[in-house]
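Observations on chain architecture
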Amino acid sequence: MRLFLGSDFHVDYAQNLHWLGQLSRQDFTDDVLIVAGDLSDDVDLIQSCFDILVPRYKKLLFLPGNHDLWTARSGRGPSFDKFELLQTLCGGYGIETRPVAFGGTLIVPILGWYDYSFGEPDARIRRGWMDFYKCNWEGLAPADVAERFDQMNLIPDTLDFERVYSFSHFVPRIDLMPVRYPEKHKALFPVLGSARIEERIRELGSSMHFYGHSHLNRNKVIDGVTYINNAFGYPSETEITAKTILHVADL
Ligand SMILES: [Fe+2]
Ligand SMILES: [Fe+2]
């Protein structure tokens, strides 16, 4: 059984949804796929992704990204309600949203949000970052949202497992971003992730961690943990994404 990774399919772009629809119906039926968030803000489109992926894989593991929790299109209800709705939707499809074991391997989703542990946002980000308009956190500051999600995390006893892998939507440590990252994009660092996720990775003793959100494909080892980003990204992001679902391990 192989473990595959994808994230940030952003199927609001018709060509991204089309790409998913082209995946083989035969080649992955004994395999597991982690989808690390950012399918769409539209629940119907999220369902379209599940309709495509669930029959193609033995098991799907999913957690929502920031785009999945936007509610502006559907009346701007609370984003935590949308989170619950997506959990229920996944339950109906048999999609795993909790820690799950495959033989000696435990795979753990780590929920989170950015909390400015990577820096304070400048005026342009505060004005222009879409989550601030499209999500409804009922007045909570990002750090409070991060705290709420972290409290939902299930951190199981890992002693009975040979290895632990984990995944999050958000970036767990800012040094995963290249040193020579364009200066103008460094303004995004505060909204990329949270050091709290890294704390959970270390607490779990995870040897591989998969993440999305930055739309910058990476495979980097830091202090004994392999961090992999295989975001599919927007159609224009041809230089920084591989536009594929990546085989990351055997289970
Ligand atoms: Fe994304
Ligand atoms: Fe994202």
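Since we're looking at a predicted model, the values are computed, not measured. (Residues numbered from 1 in each chain as written. Chains lettered and ligands numbered in written order. Predicted model: local features only at pLDDT ≥ 70, side-chain atom pairs only at ≥ 80, totals over all residues. Heavy atoms only, no water.)

**What about the sheet that holds strand S3 (residues 59-62)?**
Read from one edge to the other, the open sheet built from 4 strands follows the order S3-S2-S1-S10, with strand pairing classed as mixed. The sheet terminates laterally at S3 and strand S10 (246-250), the two strands that pair on one side only. Taken over all neighbouring pairs, the strand axes of this sheet differ in orientation by 25° on average, direction set aside. Where strand S1 (residues 2-6) lies against strand S2 (residues 32-35), 4 bridges are found, and the strand directions are parallel. Following the sheet pairing, Gly 6 is matched in S2 by Val 35. (Pairing = 2+ DSSP bridges. Helix = DSSP H or I, 4+ residues; strand = E, 2+ residues; numbered from the N terminus. Axes fitted to C-alpha atoms, helices over the stretch in contact; angles between N-to-C directions.)

**Observations regarding the packing of aromatic side chains**
Applying the stated criterion across every chain, the model contains 20 aromatic pairs. Here the aromatic rings of Phe 9 and Phe 232 are separated by 5.4 Å at their centres, their planes lie at 40°, and the arrangement is tilted. In this pair, Phe 9 sits in the loop between S1 and helix H1 (14-21) while Phe 232 sits in the loop between strand S9 (225-229) and S10, placing the two residues 223 residues apart along the sequence. With respect to burial, Phe 9 and Phe 232 carry one shared label: buried. With 5.0 Å between their ring centres and 35° between their planes, Trp 113 and Tyr 114 make a pair best called tilted. Across the pair, Tyr 114 and Trp 113 agree in class, each one buried. A connected cluster of aromatic rings, assembled from ring pairs, spans Phe 80, Phe 83, Trp 113, Tyr 114, Trp 129, Trp 137, Phe 149 and Phe 170. Between the NZ or CZ atom of Arg 148 and the centre of the ring of Phe 80, over which it lies, the distance is 4.0 Å. (Phe/Tyr/Trp six-rings, centres within 6.5 Å; stacked < 30°, edge-to-face > 60°. Buried < 20%, exposed > 50% of the residue type's maximum accessible area, 1.4 Å probe, protein only. Lys NZ or Arg CZ within 6 Å of the ring centre and 35° of its normal.)

**Let's talk about the coordination of the iron ion (ligand 1)**
Taken together, Asp 8 (OD), His 10 (NE2), Asp 38 (OD) and His 215 (NE2) make up the full set of protein donors to the iron ion (ligand 1), lying 2.0 to 2.2 Å away. For the iron ion (ligand 1), the 4 donor atoms are set out with angles of 89 to 172° between them, so the coordination reads as irregular. Binding-site remark: the iron ion (ligand 1) is held by donors from one chain whose sequence spacing is D-x1-H-x27-D-x176-H. Under the relative-accessibility criterion, Asp 38 is labelled buried at 1%. (Donors = N, O, S within 2.8 Å, 3.2 Å for Na, K, Ca; no water. Tetrahedral: all angles 85-135°; square planar, octahedral: opposite > 155°, others 65-115°.)

**A closer look at the packing of helix H2 (residues 43-53) against helix H3 (residues 79-93)**
Following both chains from N to C, one finds H2 and H3 inclined at 25°, their axes separated by 12 Å at the closest point. When the axes of H2 and H3 are compared, the pair comes out roughly parallel. Between H2 and H3 the crossing geometry is right-handed. Taken together, the residues of H3 that come into contact with H2 (itself represented by Val 43, Ile 46, Gln 47, Phe 50 and Asp 51) are Lys 82, Leu 85, Leu 86, Leu 89, Cys 90 and Tyr 93. Looking at the contact of H2 with H3, its residues break down into 8 nonpolar, 1 polar and 2 charged. (Parallel < 35°, antiparallel > 145°, perpendicular 65-115°, else oblique. Left-handed = near helix turned anticlockwise from the far one by under 90°. Contact = heavy atoms within 4.5 Å. Nonpolar A, V, L, I, M, F, W, Y, C, P; charged D, E, K, R; others polar.)

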